[in-house]
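Results of the structural survey
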Amino acid sequence: MTETPGTTTHPLKVTLISHSDLLGGASIVTYRLLYALRDAGVDARMVVFNRYSNDDLVTEAAPRPSRGTSFFRERLKIFVRNGFSRENLFKVSTASDGLPVWKHPWVTEADVLLLGWINQGLLSFRGLRKLAALGKPIVWTMHDMWNLTGICHHAQECRGYFEQCGHCQFLTGRSARDLSRSIWKKKKKFYDSAGITFVAVSNWLARCAARSSLLADKDVRIIHNAFPVDSFFTRPTQVIDRLGHAENIILMGAARLDDPIKGLPMAIEALNYLFDNRPDIASRSMLVFFGSVADKASLDGLRFPHQQLGRINDSNMLRQLYAHAKVVISTSLYETLPGTLIEGLAAGALPVSFGRGGQADIIEHKVNGYIAEYRDTHDFARGIVWALEQNPDRDALHEDVRRRFSSVTVAHLYIELFNSLLGR
């Protein structure tokens, strides 16, 4: 932060607004950014819908009864508008209901407001308009596709957001004037008047925004998520008994492994192909899963040697796992910026992934990882073989990730953006 001669400036005050601090990928990276900014000298605080930490720098936007009412009202309206179907209830959001975030003192006192994932009852369109009326610069970090579509968080193969949405794949009664079209109109009206600066966390998401009828003419920057790169180490410091004596550890993790978006059946198909065709590799390797599984039978068809460790809450244990791994894989159908691949690289493990999303921001094909042809499980298997045959400099991989994704790097880019918006 610079000062004009003869004047003094107070520390830059930034309030981050997010659905949570610790639950969900978008919330976790926003919480990391809170401390990255504070470490860089910014007076940053965080207002959330649900607080799971005991951090005094994080506060809930309203008492529990108000939060519960806001959440259930929005979901109920979607449920009714969608023919009383629960099938895609959490694949869409409408910002119909929210909390009076604009009244919170941390919001009114801030120089800049940074919005993260604000759905499911945190901010309504009315609340967004009230925030814009405060006259403060608003930066909105996009963690999925919701900002650039009518109502969905991931458009998948749909290109309706190139136009004005309608005929939404996640609605039962598809029509040109369905819920996705009406919310598109509300977003368009708000965006055209609010002067928001949007941040895409990957080049892929920025390209989607450039083709979106909502954001094509808006100010969209690209800043990656911050990762605690320096907390990862490239060689394990303790033995994990459950890993046995396998020479090659292949790691795959997610909050919920059998979420359809994670493509678990394709990972199983690729690894079974290796088991059948490369027994030399299968006999020396083990696939290690971490994360929850809703359907306990989802791994029953996997013949490749494997362990399912479940959800890991011990951050040191997770980093030990990455340090043990030679390869980290992701078969996700869509990812804005897959964190497990970045964390794997930070520990010196080579990533193998499909390329539908922000993977190309992380992986240079056959240099520091492998990007397989989309949905081609045999090519994915070839990528695993390629990665296992490499002998990379794990420390060099770590340093490259630190240069691109460290908290210091990301905080600096955000501060530059904030100061430019404030005219500093």
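Residues numbered from 1 in each chain as written. Predicted model: local features only at pLDDT ≥ 70, side-chain atom pairs only at ≥ 80, totals over all residues. Heavy atoms only, no water.

Remarks on the confidence of the model for the chain
Looking at the chain as a whole, the pLDDT averages 94, with 98% of positions reaching at least 70. Segment residues 1-8: pLDDT under 50, and eight contacts once partners within four positions in sequence are set aside and those in other chains are kept. (pLDDT = per-residue confidence, 0-100. Contact = heavy atoms within 4.5 Å.)

Quick word on the side chain of R75
Within the secondary structure, R75 sits in helix α2 (residues 64-81). Looking at R75, its side chain comes within polar contact range of the main-chain oxygen of V92, at 3.0 Å. Apart from residues no more than four positions distant in its own chain, R75 is found in contact with L89, F90, V92, S93 and Q120. (Helix = DSSP H or I, 4+ residues; strand = E, 2+ residues; numbered from the N terminus. Polar contact = N/O pair within 3.5 Å; in protein donor to acceptor, adjacent residues only side chain to side chain.)

So, the packing of aromatic side chains
Across all of its chains, the model carries 18 aromatic pairs by this definition. Ring centres of F71 and F72 lie 5.1 Å apart, and the angle between their planes is 80 degrees; this geometry places the pair in the edge-to-face category. What makes F72 exposed here is its relative accessible area of 57%. A ring pair is formed by F71 and F90, whose centres lie 6.2 Å apart and whose planes are at 20 degrees; its orientation type is stacked. With F71 in helix α2 and F90 in the loop between α2 and α3 (105-108), the pair connects residues that are 19 residues apart, well separated along the chain. Through successive ring pairs, a cluster of aromatic residues spans W140, W146, F190, Y191 and F198. (Phe/Tyr/Trp six-rings, centres within 6.5 Å; stacked < 30°, edge-to-face > 60°. Buried < 20%, exposed > 50% of the residue type's maximum accessible area, 1.4 Å probe, protein only.)

Topic: the pattern of salt bridges
Per the counting criterion, the structure on display carries 23 salt bridges. D97 serves as the salt-bridge partner of R73, at 2.8 Å between the closest nitrogen and oxygen. With a gap of 24 residues between them, R73 in helix α2 and D97 in the loop between α2 and α3 connect regions that are remote in the sequence. Look at D97 and you get buried, because its relative accessible area is 9%. (Salt bridge = Lys/Arg side-chain N within 4 Å of Asp/Glu carboxyl O.)

Here's the deal with the sheet that holds strand β3 (residues 58-60)
Strands sit in the order β3-β2-β1-β4-β5-β6-β7 across an open sheet of seven strands; the sheet is parallel. The open sheet terminates on both sides in strands that have one partner only, identified here as β3 and β7 (220-222). Shown here is a sheet whose adjacent strand axes are inclined to one another by a mean of 25 degrees, direction ignored. Where strand β4 (residues 112-115) and strand β5 (residues 138-142) come together, three bridges link them in parallel fashion. Looking at the pairing, L114 lines up with V139 of β5. Packing against the sheet, helix α1 (residues 25-39) makes contact with β1 (13-20), β2 (43-50), β3 and β4, and its axis sits at approximately 160 degrees to β2. (Pairing = 2+ DSSP bridges. Axes fitted to C-alpha atoms, helices over the stretch in contact; angles between N-to-C directions.)

As for the packing of α1 against helix α13 (residues 407-422)
In helix packing, the relevant descriptors are the interaxial angle and the interaxial distance, both defined with respect to the helix axes. Orientation of α1 relative to α13, taken along the N-to-C sense of each, is 75 degrees, at an axis distance of 9 Å. Here α1 lies roughly perpendicular to α13, going by the angle between them. Here L33, A36 and L37 of α1 lie close against α13, whose contacting residues are S407, V410, A411, Y414, I415 and F418. Looking at the contact of α1 with α13 residue by residue, the class counts come to eight nonpolar, one polar and no charged. (Parallel < 35°, antiparallel > 145°, perpendicular 65-115°, else oblique. Nonpolar A, V, L, I, M, F, W, Y, C, P; charged D, E, K, R; others polar.)

Quick look at the sheet that holds strand β10 (residues 306-308)
Think of a sheet as strands paired side by side through backbone hydrogen bonds, with each pair either parallel or antiparallel. Within the open sheet, the six strands sit side by side as β10-β9-β8-β11-β12-β13. Their pairing is parallel. Strands at the two margins of the open sheet, each flanked by one partner only, are β10 and β13 (370-372). Pairs of neighbouring strands in the sheet enclose a mean axial angle of 20 degrees, with direction left out of account. Summarising the sheet, strand β11 (residues 327-330) and strand β12 (residues 350-354) pair through four bridges and their orientation is parallel. Its bridge partner lying in β12, V327 is registered against L350. Together, β8 (248-256), β9 (285-292), β11 and β12 form the strand contacts of helix α10 (residues 339-346), whose direction differs from that of β11 by roughly 175 degrees.

Description of unusual backbone geometry
Despite not being glycine, F84 has its phi angle at roughly 60 degrees, a positive value. With respect to the element layout, F84 can be found in the loop between α2 and α3. Backbone geometry places H167, a non-glycine residue, at a positive phi of 50 degrees.

A look at the pairing of β9
Counting buried residues along β9, seven of its eight residues qualify, which places the element largely inside the surrounding structure. Of the strand pairs in this sheet, β8 and β9 are connected by seven bridges, and their pairing is parallel. Directly across from M252, in β9, lies its bridge partner F289.

Thoughts on the packing of helix α4 (residues 125-133) against helix α5 (residues 179-194)
Here α4 crosses α5 at 5 degrees, and the two axes come no closer than 11 Å. One element, α4, and the other, α5, form an angle in the roughly parallel class. Residues F125, L128, R129 and A132 of α4 touch α5, and the partners they reach there are I183, K186, K187, F190 and A194. Broken down by class, the residue content of the contact of α4 with α5 amounts to six nonpolar, no polar and three charged.

Topic: α2
With 18 residues, α2 should cover 26 Å at 1.5 Å per step; its first-to-last C-alpha distance of 26 Å lies within 8% of that length. Those residues of α2 that fall on the buried side of the exposure criterion are R67, S70, F71, E74, R75 and I78. The buried side chains of α2 occupy one side of the element, clustering within an arc of 115 degrees when seen end-on. The exposed residues of α2 that point more than 90 degrees off its buried face are P65, F72 and L76. The inward-facing, buried residues of α2 abut β2 and β3. Taken from the residues just after α2, G83 is the one with a positive phi, measuring 70 degrees. (Expected span 1.5 Å × (residues − 1). Arc of directions from axis to C-beta.)

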